[in-house]
Each structure stands twice: as C-alpha cells, then as structure tokens.
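Residue strings, one per chain:
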Amino acid sequence: PRSRAMLRATVKLCCGIAHDHLRRLPGLKITAVAAVQKDVRGLVVRGSRRLPSKIPRYIQRLMGKETATCPESDGDASPSRFSSMDLSYITQGETALQRALSILQQHTSWQAETMLDAGATVSSAALPGLGKVFRAEVVLAVPVARPHRELFERIEQMPQWNPTLSRVKVLQRVGTDTLVTHEVTAPGPGNLVGQRDFVSVRHRGRRETAVYLVGTATHAEPLPLQEGCIRAESRLSCIVLQPLAGDPDRTRFTWLLSMDLKGWIPTSVINRVLPRSQADFIKHLRRHLSAAAGP
C-alpha cells in the first residue's frame, strides 16, 4: 500500500510538470491524459517493480521531452505540431510496434513454408487475434542504413524496383517516424488475387541496434479512390533490420506479415500467396540493393 501511495504521488507530480505542455494542445488534452491514465493504472496494478524503462514516445512528444533516439530528428517533436488525428496515427504505430515486439519475443513454434535459393526462409504460425502470421528471414549483404532508407525514407520510389506495386503515395507525414500511406498492387498475370490497395500507418522504432518498420491498416480523410481495386487491410507488418552479429556490413532482415486481402479468396490460396509475395519482395529488394551498390 505504501509503495502504491508513493507511486500515485509521483504520478501526480509528473502530471503537474506536464500540465503546462498539455494545456497548450487544443483537442489533445483529453486524449493525452486518457493515455497517461491508462498507462498509470497499469503501473499501479503491476507495482513499481515492473515500471517500463522508457516513457512511450508519443507521451514524450506531448510533454516536449522526447529523447534523442532518432538521428534524423529535425525538431518535429514540438507538441504544437500534432493534431488529435496525428496523435491517433502515432498511437496506432506504437501499438503495432508493441504487438510485433511481443510476437518476436514469444517462443512460438514456426512452421517452414518455403526456402529460397538465396537462403531466405518463410515460416508461419497461427496467433490469437491475427490468424496466420508469416515470418520471412534473410541476411542482406549491406549495412542496416541501406534497406532502412529504401523501405522508409524512399518508400514512394518502391514501385521503381518492386514490380508487384504500381504506386505508393505518402498521404501524410507525422513527425519523423510516422507515415500514412496508400499502396496499390500491380495488375498482371502473376497477381493471383487481383489488384488490391491499402491505406496504412507506417511507423519507425528503434531498440538498441535494431530498426523496426511496422505497418497496420488505418483510416484517412479523405480516403483515396479505390480505382477498381479491392481495399485490403494489413493487420500487422513488421520488418526488423539488425546488424549481423560480428559483421555490421550485413543486415539480418526479419519480416512479420498478417493481412486480410478481402474479397472471395479461399484461405488456401491466401496461404500460398502471402509467403510467395514475401519471397518475391525479398528477391526484388536484394536485386535493387545489389544494383545500387554497383559502379
């Protein structure tokens, strides 16, 4: 009881410190305080011995106390820059990241799906709330910064080297680490399920030396036109880029993927298409990185 009372007192002090920042955020105060209270209730129930090592980044941003974890940061952490919708996108990205981290930390029994000639593997597991999740793994012969740049900073150029996509458009940038995107798959004989488009939140996170690029379906106003496509949803996508142990010039690439392709597609077809699409994506990415490194 005494430790909980001390925790509550500490929280009140922190909230008092944050008050001056929060009250200058029209439309955000209620949402932010609710988020803080939710985290605080969890801390009180679990006890102070399980306090998180870091305050969630979206709370740090609101308090104007974001830590310098992103080398590319250019001052976008200013609280006045975030609307209530911006905060929603950041929260969706952070939630997706935490979900992916939880999956990666579990001792899940992954079943092999396919093996690529270049040594990449794709496996799968049925997980609560997501259904079948596919996990692709490969080692790329480039440092982390290269695929990181292509898969986040230069995301709109992705169709130039990935023929399975016809268009990727950034609808909104929220700070330095969150994007709202619209992607359209390419038509063609190799597209077994027909054209699909996706409206997604893409969020970047870091844990020690690893970079996490997560994505999940979202709602954007105004919604992009579907133009004859079926609008599918990414339940969860998470690409992990990590320097290979003992060789920082190579990158361990891990990709979790769970999607709802919508439409009248048998599950058996989806379960063949998704791992194949991961394998194809990795093939195109490796080819692009290799070509870009040439003379």
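Predicted model, so just to flag it, every value in this text is computed and none were measured. (Residues numbered from 1 in each chain as written. Predicted model: local features only at pLDDT ≥ 70, side-chain atom pairs only at ≥ 80, totals over all residues. Heavy atoms only, no water.)

*Asks:* For the overall build of the chain, give the residues involved together with the corresponding values.
*Replies:* A tally of regular secondary structure across the chain gives six helices and 10 strands. Looking at the chain as shown, the accessible area adds up to about 16100 Å², and 54% of this sits on carbon and sulfur atoms. (Helix = DSSP H or I, 4+ residues; strand = E, 2+ residues; numbered from the N terminus. Areas by Shrake-Rupley, 256 points an atom, 1.4 Å probe, with all protein chains shown as cover.)

*Asks:* Any details on the environment of Thr114? Residues and values, ideally.
*Replies:* Looking at the element boundaries, Thr114 is found in strand β1 (residues 111-115). When its relative accessible area of 28% is taken as the criterion, Thr114 is described as partly exposed. In the structure, Thr114 is positioned 165 residues away from Ala279 in sequence and 8.5 Å away in space, judged by C-alpha atoms. Setting aside anything within four residues of it in sequence, one finds Thr114 in contact with Ala120, Thr121 and Val122. (Buried < 20%, exposed > 50% of the residue type's maximum accessible area, 1.4 Å probe, protein only. Contact = heavy atoms within 4.5 Å.)

*Asks:* Outline the packing of aromatic side chains, supporting the account with residue identities and numerical values.
*Replies:* Applying the stated criterion to the full structure yields three aromatic pairs. Every member of this aromatic cluster is reached through a ring pair, and the members are Trp161, Phe253, Trp255 and Phe281. (Phe/Tyr/Trp six-rings, centres within 6.5 Å; stacked < 30°, edge-to-face > 60°.)

*Asks:* Describe unusual backbone geometry, and please don't skip the residues or the numbers.
*Replies:* Where the residue is not glycine, phi is negative for most of them; where a peptide bond is considered, it is trans in most cases. Going from Glu221 to Pro222, the amide bond is cis rather than trans, its omega being -10°. With respect to the helices, strands and loops of the structure, Pro222 is situated in the loop between β7 (210-217) and β8 (230-231). Phi angles above zero are rare outside glycine, and Glu208 is one such case at about 55°. Within the secondary structure layout, Glu208 lies in the loop between β6 (196-207) and β7. What makes Glu208 exposed here is its relative accessible area of 84%.

*Asks:* Pulling in residues and values, what's your account of the side chain of Thr178?
*Replies:* Following the sequence through the fold, Thr178 ends up in strand β5 (residues 178-185). According to the relative accessible area criterion, Thr178 is buried, its value standing at 0%. A distance of 2.7 Å separates polar atoms of two side chains, one belonging to Thr178 and the other to His203. Excluding its chain neighbours within four sequence positions, the residues that come into contact with Thr178 are Tyr89, Ile90, Phe152, Gln172, Arg173, Val201, Arg202 and His203. (Polar contact = N/O pair within 3.5 Å; in protein donor to acceptor, adjacent residues only side chain to side chain.)

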